[in-house]
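Structural features, examined
Chain by chain, the residues run as shown.
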Amino acid sequence: MNPFEIIIVGGGMVGAATALGLARQGRQVALIERQVPQPFSPSQPMDLRVSAISHASVALLSDLGAWADIEAMRVCPYRRLETWEAEDSRVCFSAEQLDLPQLGYMVENRLIQLGLWQQFSRYDNLHVFSPASITSMHQKGQQHYVELDNGDTLTAPWLIGADGANSRVRDYAKIGITSWDYRQHCMLINVETASPQQDITWQQFFPSGPRSFLPLCGQQASLVWYDSPQRIQQLCQLDAAQLKEEIVANFPAEVGEVTPVNWGVFPLTRRHAQQYHRHGVVVIGDAAHTINPLAGQGVNLGFKDVAALLDACADAGEHWQDDATLAAYEKARRTDNTMMQTGMDVFYAAFSNRITPLKLARNAVFKLAEHSGPVKKHVLKYALGL
């Protein structure tokens with residue numbers, strides 16, 4: 001029997017950051033993860049899963065001591081962002097507008113996770129159980145008991161679910177979710193580019209869904225193609241030469257000459273936990289909420305969750321295990337997460353509609369946004385976490 005103060009299930013980006021932050025506060029933390037992250041080598045190909053890391057997320061990762069290690073591996077800064085539907089209705093953002101060196105960074109998810117894991121050895125009070133899987137969970141009194149496939153049984157009054165959208169911890173706590181399917185799939189395509197590394201990320205809207213360009217290190221990029229499940233399934237059956245022809249035919253000219261390297265498909269589903277804590281069980285990151293990835297805010301919202309939970313624990317002092325601490329965490333995050341989810345849903349609905357008056361109206365809004373001055377800066381600051 002291994003008693004702890006906190007058990008965290010899921011050692012991905014959000015779970016690892018939560019474990020580090022709580023260990024730094026002096027808590028006795030156990031982290032359970034099914035797979036140990038693979039070591040980094042510069043020769044490794046780019047992963048499909050990449051995130052646009054905001055300034056707020058970089059600040060958290062820096063505070064946890066991980067950003068320097070992540071930056072030493074592979075990151076791609078971007079300094080400009082453009083979004084449009086009609087060619088004459090572009091909204092353009094740049095780092096210069098906020099006197100910043102960059103708007104953010106494109107980073108492979110696994111490297112963010114690895115950079116966080118590399119800090120674990122600094123804390124004797126952080127105990128990692130990996131590779132390990134959970135065989136059962138139950139509660140007795142104020143304690144949660146987690147049994148692992150290696151025979152260990154862990155106990156703690158707090159159990160944190162950072163185990164993703166299909167959270168087993170959330171189900172164990174009987175925390176319900178509100179969810180719906182966007183009736184779209186997302187295809188990620190890593191490509192080699194004829195152009196040198198670019199400093200811009202862009203997105204064009206189509207009735208079938210947006211198409212985006214994310215710069216990566218060197219002469220590489222990630223293309224994001226949203227479309228119906230049927231259309232995406234057709235694209236997946238193509239070889240690299242055929243997929244290249246489809247990219248040329250369906251992406252704007254800005255994409256340039258590209259060669260597909262590898263690709264994968266992910267369904268789009270919106271989920272929101274009906275509560276973020278119950279009987280000492282806490283959900284965080286994708287276990288609490290998933291969002292349409294239109295604005296690339298998914299992991300940034302997760303890191304905001306981490307920061308809010310750490311702040312709530314620090315503010316509570318010696319009474320950090322009280323329910324009031326978890327209530328403060330939920331209060332700090334639910335409104336922001338709901339606003340971001342709703343905003344992305346409005347975008348999704350508005351740009352999926354082919355009605356001509358609505359199309360004219362939304363392009364007029366884009367034109368207005370481009371010349372909105374302080375409002376435009378405020379929106380950009382909010383997205384960057386400034």
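Scroll up to find the structure.
These numbers come from a predicted model, not from an experiment.

In spatial order, the strands read E1-E12-E11-E10; together these four strands make up an open sheet with mixed pairing. Two strands close off the open sheet at either side, each with one partner strand: strand E1 (2–3) and strand E10 (134–140). Of the strand pairs in this sheet, E10 and strand E11 (residues 143–148) are connected by six bridges, and their pairing is antiparallel. Bridging across to E11, Gln-139 finds its partner in His-144.

Here we come to the sheet that holds strand E2 (residues 6–9). In space, the six strands of this open sheet follow the order E9-E3-E2-E13-E20-E19, with mixed pairing throughout. Edge positions in the open sheet fall to strand E9 (126–129) and strand E19 (277–278), since each of these has one partner strand only. In terms of strand pairing, E2 meets strand E13 (residues 158–161) through four bridges, oriented parallel. Across the sheet, residue Ile-6 finds its bridge partner in E13, namely Trp-158.

Attention shifts here to the packing of aromatic side chains. A complete count under the given rule lists eight aromatic pairs for this structure. Geometrically, the ring pair formed by Tyr-276 and Tyr-329 is tilted, given 5.9 Å between the ring centres and 45 degrees between the ring planes. You can see Tyr-276 sitting in the loop between strand E18 (258–273) and E19 and its partner Tyr-329 sitting in helix H9 (residues 323–351), a full 53 residues away along the chain. Both residues of the pair, Tyr-276 and Tyr-329, count as buried. Among the aromatic residues, those joined into a cluster by ring pairs are Trp-84, Trp-202 and Phe-213. Its guanidinium or amino end placed over the ring of Phe-206, Arg-211 lies 4.0 Å from that ring's centre, counting from NZ or CZ.

This brings us to the pattern of salt bridges. Working definition: two side chains of opposite charge can pair if their charged atoms are close together. Evaluation of the coordinates by the stated rule reveals 13 salt bridges. Between Arg-211 and Asp-227 there is a salt bridge whose closest N-O contact spans 3.9 Å. Separated by 16 residues along the polypeptide, Arg-211 in strand E16 (residues 211–216) and Asp-227 in strand E17 (residues 220–227) bring together distant segments of the chain. Each member of the pair, Arg-211 together with Asp-227, is buried. Put simply, Lys-304, Asp-305, Arg-333 and Asp-336 are held in one network by salt bridges that share partners.

Omega for the bond connecting Ser-130 with Pro-131 falls within 30 degrees of zero, at -5 degrees, which places this linkage in the cis form. By secondary structure assignment, the location of Pro-131 is in the loop between E9 and E10. The backbone phi angle of Lys-174 is positive, close to 60 degrees, even though this residue is not glycine. Of note, Lys-174 is situated in the loop between helix H5 (168–172) and strand E14 (177–193). With phi around 55 degrees, His-279 is a residue other than glycine that occupies positive phi space.

With that out of the way, let us pick up the packing of helix H1 (residues 13–24) against helix H8 (residues 298–316). Taken N-terminus to C-terminus, the directions of H1 and H8 make an angle of 20 degrees; their axes are 10 Å apart at the nearest point. Overall, the two elements H1 and H8 adopt an arrangement that is roughly parallel. Between H1 and H8 lies a crossing whose hand is right-handed. Only Val-299, Gly-302, Phe-303, Val-306, Leu-309, Leu-310 and Cys-313 of H8 make contact with H1, whose side of the interface consists of Met-13, Val-14, Ala-17, Thr-18, Gly-21 and Leu-22. The residue inventory of the contact of H1 with H8, partitioned by class, reads 10 nonpolar, three polar and no charged.

Criteria and cut-off values
- Residues numbered from 1 in each chain as written.
- Predicted model: local features only at pLDDT ≥ 70, side-chain atom pairs only at ≥ 80, totals over all residues.
- Heavy atoms only, no water.
- Pairing = 2+ DSSP bridges.
- Helix = DSSP H or I, 4+ residues; strand = E, 2+ residues; numbered from the N terminus.
- Phe/Tyr/Trp six-rings, centres within 6.5 Å; stacked < 30°, edge-to-face > 60°.
- Buried < 20%, exposed > 50% of the residue type's maximum accessible area, 1.4 Å probe, protein only.
- Lys NZ or Arg CZ within 6 Å of the ring centre and 35° of its normal.
- Salt bridge = Lys/Arg side-chain N within 4 Å of Asp/Glu carboxyl O.
- Axes fitted to C-alpha atoms, helices over the stretch in contact; angles between N-to-C directions.
- Parallel < 35°, antiparallel > 145°, perpendicular 65-115°, else oblique.
- Left-handed = near helix turned anticlockwise from the far one by under 90°.
- Contact = heavy atoms within 4.5 Å.
- Nonpolar A, V, L, I, M, F, W, Y, C, P; charged D, E, K, R; others polar.

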